[in-house]
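A closer look at the structure
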Amino acid sequence: MPIGAIEGDALVLTKPIGTQVAVNTFQWINIEERWSRISDVISREQLERAFDISAMSMERLNRKAAQLMWKHGAHAATDITGFGVLGHAEALARNQSESVSFVIHTLPVIRCMAKVDAKLENLFSLVKGRSSETSGGLLICLPKESVAAFCSEIYEAEGWPAFVVGTVVSGDRSASIAADVEIKEV
């Protein structure tokens, strides 16, 4: 199962990224020296909301996504945790039977976390795909024809969307973030 990605598969991510940024910077709210580093790009209320979304995301298990990936004929999958979305995509791509590569063209990011990380001079490497995630989602290689049903069913079951974030292409068992990656705030 984890080695069967084929050219043309869609890469689907079941949770947004940005939990590390939200959780770490949330701790700065009452530390003026740190808060002042980001307060011009995010309000306290926005950061509290980002923290809440992160906590809700971390509370969600990947069980339903795992069940649905089997139902919809997933060719490969991995969880997204300490090495970030790109690090885990690289590890998954290296182990494929076919000579394929993963191109990530969209990053679903918890609202405001990309601009917070940018303000911190990419301290967390969020848009580079290297930010650690706690209880992150699954990155799943799905046949294109299964994506709509998978995304619909996971939303129906959990009330949270899954995101098409990339494509499996012919390649050298590598993974990359597209130069013109779309940051989709959620």
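Each remark here, short or long, concerns the structure printed above.
A few points on the structure. The structure presented is a predicted model; accordingly, all values stated were derived computationally and were not measured.

Looking now at the overall build of the protein chain. Along the backbone of the protein chain there are 7 helices and 6 strands. For the protein chain, the sequential pattern of α-helices and β-strands runs β-α-α-α-α-β-α-β-α-β-α-β-β. Against the compact-globule benchmark of 16 Å for 186 residues, the protein chain has a radius of gyration of 16 Å, which places it among compact chains. The dimensions of the protein chain, computed from C-alpha atoms along their principal axes, are 50 × 35 × 25 Å. Taking all 186 residues of the protein chain together, the buried fraction comes to 46%. Long-range pairs, those at least 24 residues apart, make up 84% of the contacts in the protein chain between residues at least 6 apart in sequence. On the protein chain, roughly 8,700 Å² of surface is accessible, and the fraction owed to carbon and sulfur atoms is 50%.

Each aromatic ring pair is specified by the distance between its two centres and by the angle formed by the two planes. Counting across every chain of the model gives 1 aromatic pair. When the centroid spacing of 4.0 Å and the interplanar angle of 15 degrees are considered together, the rings of Phe26 and Phe51 count as stacked. With Phe26 in helix α1 (residues 19-26) and Phe51 in helix α3 (residues 44-59), this pair connects stretches of sequence that are 25 residues apart. Relative accessible area serves as the criterion here: at 28%, Phe26 is assigned to the partly exposed category.

Before going further, it helps to examine the packing of α1 against α3. At a minimum axis distance of 9 Å, the contact between α1 and α3 shows a crossing angle of 125 degrees. By the angle class used here, α1 and α3 are oblique. α3 is crossed by α1, and the crossing has left-handed handedness. In contact with Thr19, Ala22, Val23, Thr25 and Phe26 of α1, α3 contributes Leu47, Glu48, Ala50, Phe51, Ser54 and Met58. Here the contact of α1 with α3 is composed, by residue class, of 7 nonpolar, 3 polar and 1 charged.

Thresholds applied
- Residues numbered from 1 in each chain as written.
- Predicted model: local features only at pLDDT ≥ 70, side-chain atom pairs only at ≥ 80, totals over all residues.
- Heavy atoms only, no water.
- Helix = DSSP H or I, 4+ residues; strand = E, 2+ residues; numbered from the N terminus.
- Rg over C-alpha atoms; globule rule 2.2 N^0.38 Å.
- Buried < 20%, exposed > 50% of the residue type's maximum accessible area, 1.4 Å probe, protein only.
- Contact = heavy atoms within 4.5 Å.
- Areas by Shrake-Rupley, 256 points an atom, 1.4 Å probe, with all protein chains shown as cover.
- Phe/Tyr/Trp six-rings, centres within 6.5 Å; stacked < 30°, edge-to-face > 60°.
- Axes fitted to C-alpha atoms, helices over the stretch in contact; angles between N-to-C directions.
- Parallel < 35°, antiparallel > 145°, perpendicular 65-115°, else oblique.
- Left-handed = near helix turned anticlockwise from the far one by under 90°.
- Nonpolar A, V, L, I, M, F, W, Y, C, P; charged D, E, K, R; others polar.

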